[in-house]
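Structure assessment
Residue-level listing of the chains:
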Amino acid sequence: MLGGVASVAIFTNQSALSNNGFQVASFLVVRSSNLSRKYSIPQPFFKIPGFREHIAQFVASNNGNLARKNIVFAIPNEKDDAEKEGSDYYIDYPVIVGQKEDGSSCAPEMGTTFSLLPCGEGILRSYEINGKEDGLLAKLMAVHLHVLAMEQWNASKLKMSHKNYLVSATNLIHYLALKSLNIEQLKEELSSICFLNLDTINQHVLASLSAGIRLLDNVKYDSSSHTVSYSEGISSTKSLDKQMKGEFSINTLRRSASHTADLLLGRLPEKRNTHIMVTVGEEAIESETLMKDLLNAGTTIVRINCAHGSPEIWSEIIRRVKRSSQILEKPCRILMDLAGPKLRTGKLQAGPCVLKISPKKNAYGQVIYPALVWLSSPGAGSPPAHVSPDAILHVDGEELLSKLEVDDVVTLFDARGKQRTLKIISRYTIFSGVGYMAECSKAAYVKSGAKLFIKGKRRKLSAGHVVNIPPLKQFIKLRVDDLLSISRDGQNEENNSTSSTGAHRIACSSEYVFDSVKPGEPIAFDDGKIWGIIKATSTSEILVSITHAGPRGSKLGSEKSINIPRSNIRYEGLTSKDLIDLDFVANHADMVGVSFVRDVRDILLLRQELEKRKRMDLGISLKIETKEGFEKLPLLLLEAMKMPNPLGIMIARGDLAVECGWENMAYIQKEIICVCTAAHVPVIWATQVLESLVRSGVPTRAELTDVAEGMRTSCIMLNKGKCIVEAVSFLHRILSNHSTKSDAEFKPLALSRHDF
């Protein structure tokens, strides 16, 4: 649907020629480098009221002298005499036809194709303005009729669209028709006279083309005194009747796009044109203030990834979101992403439950800053937002916490048996109890069960022990030329276990991958951080040779993505886990994210499942993260528009970049935005937005440019990280400033005559 069509031709029925001119169009041929097909033209397409038939033949400008020749016209229909009253029914459309160097016309003979491109090699640019306007008018007429023809060819599909999306689906067809033509020369000519920009009309294609034709026709009317304008005739077509009634007017289509975005994402806060979405996980229930802080910072949508966590965790996150939203009176919607048939590494065996506390040292190994350690009971809540501890220790011991005071010293023995001290420097009242900040001047490895004492002058008071130290996340460290074995095992028995070939070994959670991959295919891990080549396959194992990793090796851990872009893997669509999770989503969320959409069948299955659950009002976000999903995006949109559900598209750039190639991402994300703008469907800009800011508190220049690109969409998504609240606040300021600052604030510096 997005391919470039080189030429459009209308063939006539030679036997139907008469002294009155051409009367019958029998069929139309569209030709391109990848398409050559004959289409029957539906009768209603050329049935303009008052005419027996309408034949159009257009030729672009030439490489020689211009000559005017009337080759596009219509024949009055004698049966429509009653309709002629009060209207002009015979319209003589002037079209510029070029001549070759030998003096013959470059207009094609009947029965041959003709192109919208100029005939001959080169364009004469020194002709008079009137002639140029006539040529542009003819070309815009040709484009306009092609757009109408595409609508008629897809009339059956459009009739199946839900009434909420009929106009938007039609405009999408108009946009695809425009994209199918090679109109680069036409764009340049329109630009040279500061006229219509065909690159910015995708939200209202037909209305913009019609307005352009009318304006050019008015110029032609004034300069050459024609008594009948093109606009009078073209407005009698069926589609422009709709436009005259307001369905396809520019303002109506813009309101439709805004309304669709509001239905899915909610109303925007004041001074903002873009929503902010934040992905949250278990950290949202470990902190009593995180959700309030995120909403206060500017978050309007919270995303939960069903690939992680459990219904119990999701329920608590949603409860806190809704409670914070109600208390702060800040609306916030919830999007839950189904995991989909994503390939992931299996779980590695958990590491020991030990926490390393490290003070800051200089180049000579001397301590320059002690480590900050937070002490509190397990249910007391997280540290205040303005403090940033290096480590958090949960202490089971009310006696210890009740007697602690500033300047007290707490001692413990770490996992190596070494005694370490923690000096209390401040006390805080938090959500459910108290917490303390302490300093540790030596490195310590603290494990669950470590006993704590208050060091006194005469005695040590046993007061509690450390609990809930999480296990260390295990990983495999891979270097270039290493071998990695991917097995069907559900879980590795030992960390860094090796297969019979001596390779590192890891499991894959999706078993159907073993039946589809072939030796020689590239494979990527962890969103493309690690690459390899498949060397051998079997029913239970895939052997990979690592071809790309970090200079010192790259870590590969549990539940990391696996991409095999050139493999023909038979994916399930909605998995059995997705169907179970969809029960929860349908009862608790405002939107469902459908991952790895590849085919129209995925949309059909989703519709069936939503109908079963009686949730045809649930918002739908289709995640485009594969090559197939990108190439079939128009078909996916048209299929989804058959449902009444609010609809949106997420550009999941992590997997999409790996699947389609990093070098293609700029083009791909631009194309997705253009297609969705034509369909009046909101776009969510996702993956690694302000990632450095989220993780470390400092953004890169490239990330700021990425945000500027994201402003073209309806929503920007940030992933979780320790500085997520600061990142949301920073993004909110950018978006608010962008929508309120006037151009006057950014005027370039003026130069005076004294500067020269």
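We now turn to the structure provided with this report. (Residues numbered from 1 in each chain as written. Predicted model: local features only at pLDDT ≥ 70, side-chain atom pairs only at ≥ 80, totals over all residues. Heavy atoms only, no water.)

1. Focus on the overall build of the chain
Using the following cut-off: Counting from the N terminus, the helices are DSSP H or I runs at least four residues long and the strands are E runs at least two residues long. Burial status follows relative accessibility: with a 1.4 Å probe on protein chains alone, a residue under 20% of its type maximum counts as buried, one over 50% as exposed, and anything between as partly exposed. Any pair of residues with heavy atoms lying within 4.5 Å of one another is described as a contacting pair. Surface exposure here means Shrake-Rupley accessible area, sampled with a 1.4 Å probe, where a residue is shielded only by the protein chains that are shown.
Scanning the chain from N- to C-terminus turns up 23 helices and 33 strands. Buried positions account for 51% of the 756 residues belonging to the chain. Counting contacts in the chain only where the partners sit at least 6 residues apart, residues at least 24 apart contribute 71% of the total. Accessible surface, the chain as shown: approximately 36,400 Å² in total, 49% of it carbon and sulfur.

2. Overview of the environment of alanine 727
Structurally, alanine 727 is set in helix H23 (residues 724-740). Looking at alanine 727, the relative accessible area reads 0%, which means it is buried. Linking alanine 727 and leucine 690, residues 37 residues apart in sequence, is a C-alpha distance of 7.2 Å.

3. Describing the packing of helix H13 (residues 311-328) against helix H15 (residues 576-588)
Condition: Only C-alpha atoms enter the line fits that serve as axes; for helices the fit covers just the stretch in contact. Angles between N-to-C directions range over 0 to 180 degrees. Should an angle fall under 35 degrees it is taken as roughly parallel, and over 145 as roughly antiparallel, whereas 65 to 115 is taken as roughly perpendicular and any remaining angle as oblique. Working rule for handedness: look at the near helix, and if it is turned counterclockwise from the far one by less than a right angle, call the crossing left-handed; if clockwise, right-handed. Under this grouping Gly is polar, as are all residues other than the nonpolar Ala, Val, Leu, Ile, Met, Phe, Trp, Tyr, Cys and Pro and the charged Asp, Glu, Lys and Arg.
Packing of H13 against H15 leaves a shortest axis separation of 12 Å and a crossing angle of 15°. Between H13 and H15, the angle is such that the two are roughly parallel. At the point where H13 passes H15, the crossing takes the right-handed sense. Residue-level contacts link Pro311, Trp314, Ser315, Ile318 and Lys322 of H13 to Asp581, Phe584 and His588 of H15. Within the contact of H13 with H15, the residues separate by chemical class into 4 nonpolar, 2 polar and 2 charged.

4. A short note on the sheet that holds strand S7 (residues 275-279)
Strand pairing in a sheet relies on backbone hydrogen bonds. The paired strands run either parallel or antiparallel. This is how it is decided: Strands were regarded as paired on the criterion that DSSP finds at least two bridges between them.
Pairing is parallel in the closed barrel, where 8 strands are placed in the order S7-S8-S9-S29-S30-S31-S32-S33. With strand direction ignored, the average angle separating the axes of adjacent strands in the sheet is 25°. In this structure, strand S29 (residues 591-594) lies alongside strand S30 (residues 619-624), joined through 4 bridges in parallel fashion. Bridging across to S30, methionine 591 finds its partner in glycine 619.

5. Quick notes on the environment of valine 544
Topologically, valine 544 is positioned in strand S26 (residues 541-548). Valine 544 gets classed as buried once you look at its relative accessible area, which sits at 0%. On a C-alpha basis, the gap between valine 544 and serine 485 in space is 6.2 Å, while along the polypeptide they are 59 residues apart. In this structure valine 544 touches Asp482, Leu483, Leu484, Ile486, Ile523, Phe525, Gly532, Ile533, Ile534 and Lys535, once residues within four positions along its chain are discounted.

6. Comments concerning helix H16 (residues 600-612)
Filter applied, for reference: Between the first and last residue of a helix there are one fewer steps than residues, each counted as 1.5 Å, and that sum is the expected span. When we speak of the arc, we mean the arc of directions from the helix axis to the C-beta atoms.
Under the 1.5 Å per step criterion, the end-to-end length of H16 is 19 Å for 13 residues, consistent within 8% with the ideal 18 Å. For H16, the set of buried residues is Asp602, Ile603, Leu606, Glu609 and Leu610. Summarising the axial view, the buried residues of H16 lie within an arc of 125°, below the 170-degree limit, and thus occupy one face. Exposed positions of H16 whose direction lies more than 90 degrees from the buried face are Arg601 and Lys612. Packing partners of the buried residues in H16 comprise H15, S29, S30 and helix H18 (633-640).

7. Brief notes about helix H10 (residues 250-265)
An ideal rise of 1.5 Å per residue puts 22 Å on 16 residues; H10 measures up with 23 Å between its terminal C-alpha atoms. Buried residues of H10: Leu253, Ser256, Ala257, Thr260, Ala261, Leu264 and Leu265, and no others. The arc enclosing the buried residues of H10, seen along the axis, measures out at 140°, which places them on a common side. Positive phi appears at glycine 266, one or two residues downstream of H10, with a value of about 95°.

8. Regarding the sheet that holds strand S22 (residues 483-487)
Strand order in the open sheet formed by 6 strands is S23-S22-S26-S25-S24-S28, and the pairing between neighbours is mixed. Of all the strands in the sheet, the pair left with one neighbour each is strand S23 (504-507) and strand S28 (562-563). The sheet contact formed by strand S25 (residues 530-537) and S26 spans 6 bridges and is antiparallel. Across the sheet, the residue bridging to alanine 536 is leucine 543, located in S26.

9. Focus on the packing of H18 against helix H20 (residues 665-678)
H20 packs onto H18 with a crossing angle of 30° between their chain directions and a minimal axis gap of 11 Å. Comparing the axis directions of H18 and H20 gives the class roughly parallel. You can see that H18 and H20 cross each other, and the crossing is right-handed. For the pair H18 and H20, contact is made by Leu633, Pro634 and Leu637 and by Ile672, Val675 and Cys676, respectively. Of the residues in the contact of H18 with H20, the class split is 6 nonpolar, no polar and no charged.

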